[in-house]
Amino acid sequence: MSRARIIPLHPVREEDLLAWLKDQGYGTKESLKDAVSLSGGCLEKALAYLEDEDWIQLRAEFFQKIQDFKRKSRDFPFVLTEDLLNKKAYLKDFLLLMTQYYRDVLVYKTLGDQDLIIHRDKLVLIQGETLKNSSLYTIIKDIQESLTFLEKNGNSRLVLEGLFIKIQEEYL
């Protein structure tokens, strides 16, 4: 019989992680909140989000790409898919950012409370979003289904193209 013992490790609470990062002098309040919410309670991931230049650039590009959905370019879903497939390491992060963005829009439209928004630095963009609540629910559901398909090793190109076409249709 082995003398090994299983010790369950649980995610760190967001409040505790946020407080520790703040005490250590990492980032701005907004960047800390983004990093903590995306980290899933993992300090290593939160630090990577704060220090990884590729991640910081991905977030900036994400908010530009969200605006591109509104421009109704027929080839945009395919261009975006190709771009993400070239940055596959950040694919899940991109989709999580997307979920958070549409969640922020839904929360702001429903409650009007800025304190509940994750991406407060993008409040103007969130306030300008024209989608109906039903469209926001549909998009969030579609993103979550796409994440599930990707976790089950679905064809990344087909999953992403299908998702982005559906999102673009919600803007029509």
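Just so it is clear, the model here is predicted, and its values are computed rather than measured.

**Regarding the overall build of the protein chain**
Moving on, step 1. Counting its regular elements, the protein chain contains nine helices and zero strands.
Moving on, step 2. Its helices and strands taken in sequence order, the protein chain reads α-α-α-α-α-α-α-α-α from the N to the C terminus.
Moving on, step 3. Counting only C-alpha atoms, the protein chain reaches 60 × 40 × 30 Å along its principal axes.
Moving on, step 4. Per-residue burial for the protein chain yields a buried fraction of 41% across its 172 residues.
Moving on, step 5. If you take every contact in the protein chain between residues at least 6 apart in sequence, the share linking residues at least 24 apart comes to 63%.
Moving on, step 6. When the 25 positive and 28 negative side-chain charges of the protein chain are each reduced to one mean point, those points stand 4 Å apart.

**Brief notes about helix α3 (residues 43–51)**
Moving on, step 1. What α3 keeps buried is the set A46, L47, Y49 and L50. Here the buried residues of α3 occupy an arc of 160 degrees about the axis, which is enough to place them on one side.

**Some remarks on the packing of helix α1 (residues 14–23) against α3**
Moving on, step 1. The interhelical angle for the contact between α1 and α3, taken along N-to-C directions, is 50 degrees, at an axis separation of 11 Å. Taken together, the axis directions place α1 and α3 in an arrangement best described as oblique. Our pair here, α1 against α3, has a crossing hand that is right-handed. Listed contacts from α3 to L17, W20 and L21 of α1 are L43, A46, L47 and L50.
Moving on, step 2. Residues of the contact of α1 with α3, tallied by class, amount to seven nonpolar, no polar and no charged.

Definitions and cut-offs
- Residues numbered from 1 in each chain as written.
- Predicted model: local features only at pLDDT ≥ 70, side-chain atom pairs only at ≥ 80, totals over all residues.
- Heavy atoms only, no water.
- Helix = DSSP H or I, 4+ residues; strand = E, 2+ residues; numbered from the N terminus.
- Buried < 20%, exposed > 50% of the residue type's maximum accessible area, 1.4 Å probe, protein only.
- Contact = heavy atoms within 4.5 Å.
- Lys, Arg positive; Asp, Glu negative; His and termini not counted.
- Charge placed at Lys NZ, Arg CZ, Asp CG, Glu CD.
- Arc of directions from axis to C-beta.
- Axes fitted to C-alpha atoms, helices over the stretch in contact; angles between N-to-C directions.
- Parallel < 35°, antiparallel > 145°, perpendicular 65-115°, else oblique.
- Left-handed = near helix turned anticlockwise from the far one by under 90°.
- Nonpolar A, V, L, I, M, F, W, Y, C, P; charged D, E, K, R; others polar.

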